[in-house]
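# Coordinate inspection notes
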Amino acid sequence: MKVSDPVSIMAAGGKFAYPDDAAETPDSLTTVYEFDGFNVQWEQATGIDLGPYQKHMVSLLSVITVR
């Protein structure tokens, strides 16, 4: 995919699962990267739910949309 730098990047997130802990990074984040001809969406969430194994999970999702 001979791709150069993104044309634009938009991100939103925050500390929603454990707002009072000592961590400084967001536990939820959605980012959209706009390239020429397609977009990439990245989403992640940490510690929001115990998941199917009853352990703290990191959930990741990546979506590529071709325009």
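So, here's what we can say about the structure. No experiment lies behind these values; they were computed from the predicted model shown.

Definitions and limits used
Residues numbered from 1 in each chain as written. Predicted model: local features only at pLDDT ≥ 70, side-chain atom pairs only at ≥ 80, totals over all residues. Heavy atoms only, no water. Helix = DSSP H or I, 4+ residues; strand = E, 2+ residues; numbered from the N terminus. Buried < 20%, exposed > 50% of the residue type's maximum accessible area, 1.4 Å probe, protein only. Polar contact = N/O pair within 3.5 Å; in protein donor to acceptor, adjacent residues only side chain to side chain. Salt bridge = Lys/Arg side-chain N within 4 Å of Asp/Glu carboxyl O. Pairing = 2+ DSSP bridges.

Turning next to the environment of Asp 21. When you line up the elements, Asp 21 lands in the loop between strand E1 (8–14) and strand E2 (28–35). Overall, Asp 21 belongs to the partly exposed group, its relative accessible area being 38%. Looking at Asp 21, its side chain comes within polar contact range of the side chain of Lys 15, at 2.4 Å.

With that settled, the discussion passes to the pattern of salt bridges. Applying the stated criterion across every chain, the model contains one salt bridge. One salt bridge connects Lys 15 with Asp 21, and the closest N-O pair in it is separated by 2.4 Å. Classification of Lys 15 as partly exposed rests on a relative accessible area of 25%.

Moving on to the pairing of E2. Where E1 meets E2, seven bridges bridge the pair, whose relative direction is antiparallel. Each residue of the ladder has a partner; that of Gly 13, found in E2, is Leu 29. Direction of pairing for E2 relative to strand E3 (residues 38–46): antiparallel, over a ladder of eight bridges. Paired with Thr 30 across the bridge in E3 is Glu 43.

Turning our eyes to something else, we now look at the side chain of Ser 28. Checked against the element boundaries, Ser 28 lands in strand E2. Classification of Ser 28 by relative accessible area gives buried; the value is 15%. At 3.1 Å, the side chain of Ser 28 forms a polar contact with the side chain of Asp 27.

Honestly, that's just the spatial picture; any functional story needs more than this.
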